[in-house]
Amino acid sequence: MLTYLARIVLKMLVTFFAIVTLVFFATRLSGSPIDFVIGEGITQEDRALLTSYYGLDQSTWVQYRAFLASFADGQFGLSFVERRPVAEIVGERIWPSLQLLLSSVALTLALSLPLGILGAVYCKSWVGSAVMVVAFLGYAVPNFVLATFMILVFSYWLNWLPVVGNGSAWHFIMPTITMSGILIAGLTRFTRNAMLDVLGQDYMRTARAKGLSEQTVIFKHGLRNASITILSVIGLQIAGLAAAGSVVVEAIFAWPGIGDLLVRSAIVRDYPVLQFGVIAVSVAVLLINAVVDIAYAYADPRIRLGRA
């Protein structure tokens, strides 16, 4: 098991270094941020002073070394726009994004797993058909369309729910439903298919022959053996949400999270904030994938034994 964990950590470190390097050079391709920071009407002398102050007159490799060195002080440089440490700016946005991510994942798991199991157990009845209809509808409706529809109905027409910000529990309802809509549809279908594959196995019939209750057969034997497929989908979905799934939702609902910060930083070419924001999201994705890999090993001991 220790060898398996060491390999996971090594893969994370190599991937992290590759992401850091790609992020640095990719941001430099978008042009100089000085034009967005200072605007028009500045003299060439002042422009040169600002360029030198931010170190943008140095070669790309010198800037790259300075970027790597900024990891040591824990501040990751200063924002071109706000003139504050980047770590402080990004730190203010992490918790709102994490709150929205956790609420969306919780809603997805609470609905998808029961619906997927029902769809498999009652696959030949109207219950299974209804579950699949809900899943296909969830796939068919993009999140920005669902968000717009809910805003028009529940905010402008009925005036029930707030739209902007995250000041209360009511603010979470529409963004959470918007983010988890397509995830619920996807995980429901995968759970149903995984359970259908398991329910027809010989060991399920053996468990029933032993006199075990149907609930025990389904949840202890069926769901456990289908967990590898379900964990794979859950890991991909959570990683997708952490990486980019919240950008559109945060923009629509003016949610003060990482996604909204990345969009604003990209528009004004605030390199330090954009770089660290992308890196923070990448670290979250790497950690999520590592947790899923470890969960694989506990769900199926053959995985860790085969790689040890």
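Residues numbered from 1 in each chain as written. Predicted model: local features only at pLDDT ≥ 70, side-chain atom pairs only at ≥ 80, totals over all residues. Heavy atoms only, no water.

The name recorded for the protein chain in an unreviewed UniProt entry is Glutathione ABC transporter permease GsiC, from Nitratireductor pacificus pht-3B. Per UniProt, the protein chain carries the Sequence similarities (unreviewed entry) text "Belongs to the binding-protein-dependent transport system permease family." One UniProt comment on the protein chain, placed under Subcellular location (unreviewed entry), says "Cell membrane". (UniProt positions renumbered as here; feature names shortened; annotations may be inferred.)

Draft legend 1. Up close: the UniProt feature "transmembrane region" (unreviewed entry) in the protein chain. Here, UniProt's "transmembrane region" (unreviewed entry) annotation points to residues 100-123, 130-157, 169-187, 228-253 and 273-299. The annotated region residues 100-123 carries 92% helix and 0% strand content, and the separation between its end C-alpha atoms amounts to 33 Å. For residues 169-187, the end-to-end C-alpha separation is 25 Å, with 79% helix and 0% strand making up the annotated structure. (Helix = DSSP H or I, 4+ residues; strand = E, 2+ residues; numbered from the N terminus.)

Draft legend 2. Quick peek at the confidence of the model for the protein chain. Across the protein chain, the average pLDDT comes to 77, with 83% of residues at or above 70. In the model of the protein chain, helix H14 (residues 301-307) stands out as the element of lowest mean pLDDT, 54, in contrast to helix H7 (residues 143-157), which has the highest, 88. (pLDDT = per-residue confidence, 0-100.)

Draft legend 3. How the structure looks around H7. Between the first and last C-alpha of H7 there are 20 Å, a value that for 15 residues agrees with the 21 Å anticipated at 1.5 Å per step. By the burial criterion, the buried members of H7 are Ala147, Met150, Ile151, Val153 and Ser155. Two residues or fewer past H7, Asn159 is found with a positive phi of approximately 55°. (Expected span 1.5 Å × (residues − 1). Buried < 20%, exposed > 50% of the residue type's maximum accessible area, 1.4 Å probe, protein only.)

Draft legend 4. Spatial organisation of the environment of Phe24. Note on placement: Phe24 falls in helix H1 (residues 2-28). In this structure, the C-alpha to C-alpha distance between Phe24 and Tyr64, residues 40 residues apart in sequence, is 7.1 Å. When residues no more than four places from it in sequence are discounted, the contact partners of Phe24 are Thr60, Gln63, Tyr64, Phe67 and Gln275. (Contact = heavy atoms within 4.5 Å.)

Draft legend 5. Representation of a nonpolar patch on the surface within the structure. On the surface, Ile94, Trp95, Leu98 and Leu102 cluster together into a nonpolar patch covering about 390 Å² of accessible area. Tracing the backbone through its elements, the reader meets Leu98 in helix H5 (residues 86-121). A residue is classified by how much of its surface remains accessible, and Leu98, at 33% relative accessible area, is partly exposed. (Patch = residues over 30% accessible without salt bridge, like charges linked within 9 Å, V, L, I, M, F, W, Y side chains within 5 Å. Areas by Shrake-Rupley, 256 points an atom, 1.4 Å probe, with all protein chains shown as cover. Salt bridge = Lys/Arg side-chain N within 4 Å of Asp/Glu carboxyl O.)

Draft legend 6. View of the packing of aromatic side chains. Here the structure, examined in full by the defined rule, presents two aromatic pairs. A centroid spacing of 6.2 Å and a plane angle of 35° characterise the contact between Phe154 and Trp160, whose relative ring orientation is tilted. Judged by centre distance (4.9 Å) and plane angle (80°), the rings of Phe172 and Trp255 are edge-to-face. Of the two residues, Phe172 is situated in the loop between H7 and helix H8 (173-199) and Trp255 in the loop between helix H11 (227-252) and helix H12 (258-268); the sequence distance between them amounts to 83 residues. By relative accessible area, which is 18% here, Phe172 ends up buried. Take Trp255: its relative accessible area is 0%, and that puts it in the buried class. (Phe/Tyr/Trp six-rings, centres within 6.5 Å; stacked < 30°, edge-to-face > 60°.)

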